[in-house]
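# Summary of structural features
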Amino acid sequence: MTSAAEEWAPRHVLWGSFNGLAYVPRLPPTAYTLLLHMMTEQDPGGLVVATHDELAAGLALDRGMISRAMPHLVAARLVTVVRRGRFQLHPAISAFTDPRDQQRAMKALPRSMRLDVGDFEDEYERRFQIHLDEKARKAEARAKGNVTTLRSARLKRVQ
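Residues numbered from 1 in each chain as written. Predicted model: local features only at pLDDT ≥ 70, side-chain atom pairs only at ≥ 80, totals over all residues. Heavy atoms only, no water.

## Considering the layout of surface pockets
This is how the line gets drawn: Cavities and pockets are found on a 1 Å grid laid over the protein atoms alone: a cavity is a set of points where a 1.4 Å probe fits but cannot escape, a pocket is an open set with protein on both sides within 12 Å along at least five of seven lines, and a lining residue has an atom within 4 Å of such a point. Grid points are joined across faces, edges and corners, and a volume is the space filled by probe spheres set on the points. Put simply, DSSP marks the helices as runs of H or I at least four residues long and the strands as runs of E at least two long, and each gets a number from the N terminus on. The nonpolar class holds Ala, Val, Leu, Ile, Met, Phe, Trp, Tyr, Cys and Pro. Asp, Glu, Lys and Arg form the charged class, and all remaining residues, Gly among them, are polar.
Estimated volume of the second largest pocket: approximately 230 Å³. Forming the boundary of the second largest pocket are Thr51, His52, Asp53, Arg63, Ser67, Met70, Pro71, Val81, Arg83, Arg84, Gly85 and Phe87. Listing elements by their share of the lining of the second largest pocket, those giving two or more residues are helix 3 (52–59), helix 4 (63–75) and strand 2 (79–83). Considering every element that reaches the lining of the second largest pocket, the biggest residue donor is helix 4, with four residues. Partitioned by chemical class, the residues of the lining of the second largest pocket number four nonpolar, four polar and four charged.

## Some details on the sheet that holds strand 3 (residues 86–89)
This is how the line gets drawn: Any two strands between which DSSP finds at least two bridges are classified as paired. To get an axis, a line is fitted to the C-alpha atoms, and for a helix only the part in contact is used. The angle between two axes follows their N-to-C directions and goes from 0 to 180 degrees. Residues are treated as being in contact if the distance between any of their heavy atoms lies within 4.5 Å.
The three strands lie next to each other as 1-3-2, forming an open sheet whose pairing is antiparallel. Edge positions in the sheet fall to strand 1 (47–49) and strand 2, since each of these pairs with one other strand and no more. Sheet twist, expressed as the mean angle between neighbouring strand axes with direction ignored, is 30 degrees. Across the sheet, helix 2 (residues 29–41) touches strand 1, strand 2 and strand 3, and the angle it forms with strand 3 is around 95 degrees.

## Side note on the confidence of the model for the protein chain
To keep it simple, the criterion reads: Across the chain, each position has a pLDDT score giving the predictor's confidence in that residue, from 0 to 100.
For the protein chain, per-residue confidence averages 86 on the pLDDT scale, and residues scoring 70 or more make up 83% of the total. Per-element confidence in the protein chain ranges from a low mean pLDDT of 52 for helix 7 (residues 150–158) to a high of 97 for strand 3.

## Re the nonpolar core
The criterion, for reference: Put simply, a nonpolar core is a bunch of buried Ala, Val, Leu, Ile, Met, Phe, Trp, Tyr and Cys residues held in one set by side-chain atoms that sit within 4.5 Å of each other. Buried, partly exposed and exposed residues are distinguished by accessible area as a fraction of the type maximum, computed with a 1.4 Å probe on protein chains only: under 20%, between the cut-offs, and over 50%, respectively.
Leu34, Met38, Leu73 and Leu78 are the most contacted members of the largest nonpolar core, which totals 27 residues. Elements that contribute at least two residues to this core include exactly helix 2, helix 3, helix 4, strand 3 and helix 6 (120–144).

## Looking at the environment of glutamate 41
Within the secondary structure layout, glutamate 41 lies in helix 2. For the pair formed by glutamate 41 and leucine 55, sequence separation is 14 residues and the distance between their alpha carbons is 9.2 Å.

This is the structure we're talking about:
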């Protein structure tokens with residue numbers, strides 16, 4: 001028989017200094033929940049290998065909720081989308097096998113990616129508005145028929 005603590009034991013023993021959490025802007029509750037879940041699922045160095053479906057299953061949420069929360073984390077610079085199913089947590093909130101690894105990762109960051117530079121709340125809002133504007137522009141282009149979806153492009157190739 002295993003205890004509940006053994007059942008929930010972390011996969012790796014990691015080290016982290018999470019001072020970066022002091023620079024998390026006001027996010028929707030689902031975005032906070034997603035961030036904390038991703039922090040528990042990360043590999044050393046902050047890489048999270050999971051699709052939106054897997055993240056949703058881990059949180060018992062709909063996939064759409066993950067898709068709506070993720071842009072908030074990206075706009076806050078807490079998460080970078082590497083590619084589909086691969087997300088990189090910011091080094092200030094990532095866990096590492098050794099504290100020196102986190103120090104090296106933080107020193108390697110360009111100044112524009114630091115969380116403690118400028119007004120992080122204003123910067124988050126500005127970047128999220130850019131995301132919303134781009135999303136609206138794409139929706140308008142699709143409505144006018146100026147953009148083909150991936151699916152329609154595939155159908156044209158098949159024909």
